[in-house]
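Residues per chain, in single letters:
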Amino acid sequence: MTTALYRRYRPETFGEMIGQSQVTDPLMTALRGDRVGHAYLFSGPRGCGKTTSARILARCLNCAEGPTDVPCGVCPSCVELSRAGGGSLDVVEIDAASHNGVDDARDLRERATFAPSRDRYKIFILDEAHMVTPQGFNALLKLVEEPPEHVKFIFATTEPEKVLGTIRSRTHHYPFRLVPPAAMLEYVAKLCAEEGVIVEQGVLPLVVRAGGGSPRDTLSLLDQLIAGSDAPAGSETVTVGYARAVSLLGYTHGALLDEIVDALAAGDAAAAFPAIDRVVQTGQDPRRFVDDLLERLRDLIVIAAVGAGASAVLRGIAEDDLERMRTQADMFGSARLSRTADVVSAALDDMSGATSPRLHLELMVARVLAGATEAAAVAPAPAGERAAAPVRQAAPTVSAPAPTVSTPAAAASAPAAASAPSGAGAQSPAAEPSPAPEQSPVAERSPVAVQSPVAEPASETTAPEAAPAEPAAPQGPVTFERVRAAWPAVLTRLESISRTSWLLATAVQPLAYVTETEVLTLGFTSQHDVAKFKGTTPGSGPSDHLRSAIENELGVRVKYLPAPMPAGGAPRQPASSGASTPADSAPASEPASAGSPRSQVRGASASSVTEWAVAPIPTAHEEQVRDAPAPSAPLAVDEEPEEVEAAASAPVPPADGVVDRDEPPLPGDEDAPAYDDEPPYDPSYEPPAEPSVSRHSPPERSAPQTQRTAVAAPPVVIERSPSVGGVQRYGEAVIRQVLGATFLREEPYEPPTRFS
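Residue positions are given per chain, counted from 1 along the sequence in the order it is written. Reporting in this predicted model follows two pLDDT cut-offs: at least 70 for local features of residues, and 80 or more for side-chain atom pairs to be given and counted; totals over whole chains, interfaces and linings ignore these cut-offs and use all residues. The side-chain quantities take in all heavy atoms of the structure and omit both hydrogens and water.

Turning our eyes to something else, we now look at the overall build of the protein. Runs of H or I in DSSP of at least four residues are treated as helices and runs of E of at least two as strands, each being numbered from the N terminus. Along the protein, the regular secondary structure elements total 34 helices and 10 strands. Here the protein holds 756 residues, and 35% of them are scored as buried. Throughout, a contact is declared for two residues whenever any of their heavy atoms are within 4.5 Å. Pairs at least 24 residues apart make up 74% of the contacts formed inside the protein by residues separated by at least 6 positions. If you sum the accessible surface of the protein, you get close to 42500 Å²; carbon and sulfur atoms cover 55% of it. For every residue, the accessible area obtained with a 1.4 Å probe (protein chains only) is divided by the maximum for its type, and the residue is called buried under 20%, exposed over 50%, and partly exposed between those limits. Areas reported as accessible are Shrake-Rupley estimates using a 1.4 Å probe. Residue values count occlusion only from the protein chains shown.

Written out as structure tokens, the structure is:
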């Protein structure tokens, strides 16, 4: 039978305390100056020396040579309060967890009135003082406030905030802390030497780490390891092995941890996943392994940052282990070590309370390996390859225009083609592309490039392909053909932003795009799709997500203009409605502005464009007029979208004579005309054709006034034939005319019952 290690080495003086100088130094000073208070409150984590310090203080106060900061150790009081002593009658230790009521407080108050039997003071030590009820504290309040001269109180607790405030304000509060690892490591090494126990390299750091800074917990674990170890053959000295310490404390073996770290540093998945499987097969907790891996990554980060001085920070690690860890830190690199530590830390947080920790562990390893692959892919090329790269890029630029110069006609039309974009740029400054990055000086001084101006746009178009994809910058004007070509890529980006917005955008097709105003016309199947596309929350709807995807892909922030979807799908934008080249609409000898009147028409309406450009979806009759060969005016961009949207999205009041195949008339509409004032139904009636506006002449009214007039116009009676399988309903005026009926009165309809 042996005594526990923490009891055999329990401190008997303040000088033997470790890591609590913030408490021991003031107490020793107060004892030397005879300025001891009547009540003390010791607080701190468990096992850090609160009760031991209370006993040492009582020993110093009742010493025959005291009060003194160093007890003599030979007087009856010091012997009774030593490790081997049985306790003193004048020092009363009370477990407040089981003596916390009013009756216990009254009993203590009665005992405090009696003088000490032999020593100088009667000292009451209340352990776990936070367990005392408020009623018990109130019963003790008067005694603690004004105790007799021979009474001292020492409260010890792990939760000082639960102690009654009136009690805490009448005491001297001393907070205890956890012991630092360096001091604890030195202390347990000294104890092992005194016990005559040999400890293998790496055992004591694991014991200190498992103890968590508590001396009592650390000594209990060390006592357990010593008790479970035996002497090797041919020796009488007990040896604590590393393998037994790892298995008993539940940590990952250093060799297995080195294997996994080496596999992660090299990006070797074939070696990493079998090592993870061995961790699980040995029965180790995956959370503990991730904690050990994060601890190792922390050591590698310190080694990478400090270098040769890491041994002063990482105490208890052998020199050969430090050298191996330096090699691992060099394989990772500082930046990748930090990213890997972030991934492991996030995985450790996710594994708290997870039902399948192994799955989270394997996914964490996969993410770390994926980061290693990406880091290898973006690694900088050597200096020789970076210097040779511009030369390889400049060679195709010089040789590409050679076939173009071989034809004399092409060479003659080249100056005209070069002058046309300059004229167009003078008319519409908004369409000027951003300057392309400079090419190689060899290509600029080449005689072929001087003779053939067509080579310059060719070199400019190849430059954006070599640029990175994100973020996309507008390289040259964005045309409708470019929008249609990039539409699948835009939808792919949108899917990564919002799956719901991507599902709505798959039913939308681009119909036209105006480069000068950046207005994109989108085709919708119904007005309901337009409302869903706009969304209910500004800034986070499907339209905003699509706009962000287009901006990331093409580098332009577009405005929307809704339009009905054509019957045959989304047609390609005609040459007159897109940003076509001026050479297609005018001869080479004329300026580009003479052959393209669109810039003159847009000049009045392009002054203020909002995020949404709204236009009502036309009816079937207007679709037939639009499909006619006669030229039609382009859709105007609304400058006041909120009012027009509210008017366009409001339901149109029903009127007699209008054929309604889809929706029934809204009941209770006060704007409907009276029965006697309705016009007779005329099936052959057709609305007068609206005069078309010339595209060359500026409009007489602004775009918002035209939109309001179109919305406020009375409904037009249009004859529609019923669809196949549909039902055609007529208004009341039609029934009166066809049947020759006369309105007399209105009676409510009551369904017949069996009693009526």
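On to the packing of aromatic side chains, then. Classification of ring pairs uses Phe, Tyr and Trp, with its six-membered ring standing for Trp, and accepts pairs whose centres are within 6.5 Å; under 30 degrees between planes counts as stacked, over 60 as edge-to-face, and the remaining range as tilted. With the rule as written, the count across this model stands at eight aromatic pairs. Relative to Y174, the ring of F42 lies with its centre 6.1 Å away and its plane at 75°, an arrangement referred to as edge-to-face. Placement of F42 in strand β1 (residues 39-43) and of Y174 in strand β5 (residues 172-175) is noted, with a sequence separation of 132 residues between them. The residues F42 and Y174 share a single accessibility class, namely buried.

Moving on, we get to the packing of helix α8 (residues 181-195) against helix α10 (residues 215-227). A fitted line through C-alpha atoms serves as each axis, taken over the contacting stretch for helices, and the angle formed by two N-to-C directions is quoted from 0 to 180°. Interhelical geometry of α8 versus α10 gives an angle of 40° and a closest axis separation of 11 Å. Relative to α10, the element α8 is oriented oblique. α8 and α10 meet at a crossing whose hand is right-handed. Across from M184, Y187, V188, L191 and C192 in α8, the residues of α10 making contact are P215, T218, L219 and L222. Grouping the constituent residues of the contact of α8 with α10 by class yields eight nonpolar, one polar and no charged. Any angle that falls under 35 degrees is termed roughly parallel, while one over 145 is termed roughly antiparallel, one within 65 to 115 roughly perpendicular, and all others oblique. The hand of a helix crossing depends on one turn: near helix anticlockwise from the far one by less than a right angle means left-handed, and clockwise means right-handed. Residues are sorted three ways: Asp, Glu, Lys and Arg are charged, Ala, Val, Leu, Ile, Met, Phe, Trp, Tyr, Cys and Pro are nonpolar, and all the rest, Gly among them, are polar.

For the rest of this paragraph, the subject is the environment of E80. Mapped onto the secondary structure, E80 falls in helix α4 (residues 76-80). On a C-alpha basis, the gap between E80 and R59 in space is 9.0 Å, while along the polypeptide they are 21 residues apart. When neighbours within four sequence positions are excluded, E80 is seen to be in contact with G85, G86, G87, S88 and R118.

Read across the sheet, five strands follow the order β2-β3-β4-β1-β5 without closing on themselves; strand pairing throughout is parallel. Here the strands that pair on one side only, and so sit at the sheet edges, are β2 (91-95) and β5. Each adjacent strand pair in this sheet contributes to an overall mean axis angle of 15°, direction not counted. Criterion used throughout: strands pair if DSSP finds at least two bridges between them. Sheet topology note: the strand β3 (residues 122-127)/strand β4 (residues 151-157) ladder contains six bridges and is parallel. Residue pairing across strands places F124 opposite F153, the latter belonging to β4.

In this description, a nonpolar core means a group of buried Ala, Val, Leu, Ile, Met, Phe, Trp, Tyr and Cys residues linked to one another through side-chain atoms lying within 4.5 Å. Core analysis: the largest hydrophobic core is formed by 34 residues, its most contacted members being I260, L264, F289, L293, L300 and M364. For this core, the secondary structure elements donating two or more residues are α12 (254-266), α13 (269-281), α14 (286-306), α15 (319-332), α16 (334-350) and α17 (357-377). Other than its neighbours up to four places away in sequence, L300 contacts V261, M325, Q328, A329, F332 and L337. Membership of the second largest hydrophobic core comes to 26 residues, among which are L185, V188, V208 and L221.

Further remarks concern the sheet that holds strand β9 (residues 519-524). Spatially, β8-β9-β10 is the arrangement adopted by the three strands of the open sheet, whose pairing is mixed. On the outer flanks of this sheet lie β8 (509-514) and β10 (559-564), each paired with one strand and no other. With strand direction ignored, the average angle separating the axes of adjacent strands in the sheet is 30°. In the sheet, β8 pairs with β9 via five bridges, with the strands oriented antiparallel. Across the sheet, residue P510 finds its bridge partner in β9, namely L522. The sheet contacts of helix α28 (residues 542-554) involve β9 and β10, and relative to β10 the element is tilted by about 115°.

One non-glycine residue, D34, adopts positive backbone phi at about 55°. Tracing the backbone shows D34 in the loop between α2 (21-32) and β1. A residue is classified by how much of its surface remains accessible, and D34, at 57% relative accessible area, is exposed.

As a further point, take the state of the cysteines. Two cysteine sulfur atoms make up a disulfide if the distance between them is within 2.5 Å. What the rule picks out here adds up to zero disulfides. Lacking any disulfide linkage, C63 is separated from the closest cysteine sulfur, that of C72, by 3.4 Å. A relative accessible area of 1% means that C63 is categorised as buried.

All right, on to the side chain of S77 then. Positionally, S77 belongs in helix α4. When near neighbours in sequence (up to four residues on either side) are disregarded, S77 contacts N62, R118 and D119.

As a further point, take the pairing of β1. Taking burial as the measure, the five residues of β1 include five buried ones, the bulk of the element. Where β1 lies against β4, five bridges are found, and the strand directions are parallel. Bridge assignment links F42 to a residue of β4, and that residue is A156.

Let us look at the pattern of salt bridges. Salt bridges, as used here, are contacts in which a Lys or Arg side-chain nitrogen is within 4 Å of a carboxyl oxygen on Asp or Glu. As enumerated under the stated definition, the model contains 28 salt bridges in all. Residue R324 pairs with D258 through a salt bridge whose shortest N-O separation is 2.9 Å. Placement of the pair is R324 in helix α15 and D258 in helix α12, with a sequence separation of 66 residues. A relative accessible area of 35% means that R324 is categorised as partly exposed. Residue E495 pairs with R499 through a salt bridge whose shortest N-O separation is 2.2 Å. Via salt bridges that share partners, E12, E16, R59 and R83 belong to a single interconnected network.

What follows is about the environment of A489. Looking at where A489 falls in the secondary structure, it is placed in helix α25 (residues 487-497). The sequence separation of A489 and I550 amounts to 61 residues, and the corresponding C-alpha distance is 9.0 Å.

Attention shifts here to α10. Between the first and last residue of a helix there are one fewer steps than residues, each counted as 1.5 Å, and that sum is the expected span. If you check α10, its first and last C-alpha atoms are 18 Å apart, about what 13 residues at 1.5 Å a residue would give, namely 18 Å. If you check which residues of α10 are buried, you get P215, D217, T218, L219, L221, L222, L225 and I226. Next to the buried residues of α10 lie α1 (5-8), α8, α9 (203-211), β7 (239-240) and α11 (242-249).

As a further point, take α2. The terminal C-alpha atoms of α2, which comprises 12 residues, lie 16 Å apart, in line with the 16 Å expected from a rise of 1.5 Å per residue. Taken together, the buried positions of α2 are occupied by V23, T24, L27, M28, A30 and L31. For α2, the arc enclosing every buried residue in end-on projection is 160°, short of the 170-degree limit, so these residues lie on one face. The inward-facing, buried residues of α2 abut β1, α3 (50-62) and β5. Downstream of α2 by a residue or two, D34 has a phi angle that is positive, lying close to 55°. The arc in question is formed by the directions pointing from the helix axis toward the C-beta atoms.

Right, let's talk about the confidence of the model for the protein for a bit. pLDDT runs from 0 to 100 and stands for how confident the predictor is about each residue. On average, residues of the protein score 73 in pLDDT, and 64% of them reach the 70 mark or higher. Note that pLDDT drops below 50 for residues 381-469; the model gives that stretch 41 contacts with residues more than four away or on any other chain. pLDDT under 50 marks residues 575-611. Its contacts with residues more than four places away, or in other chains, come to 48 contacts.

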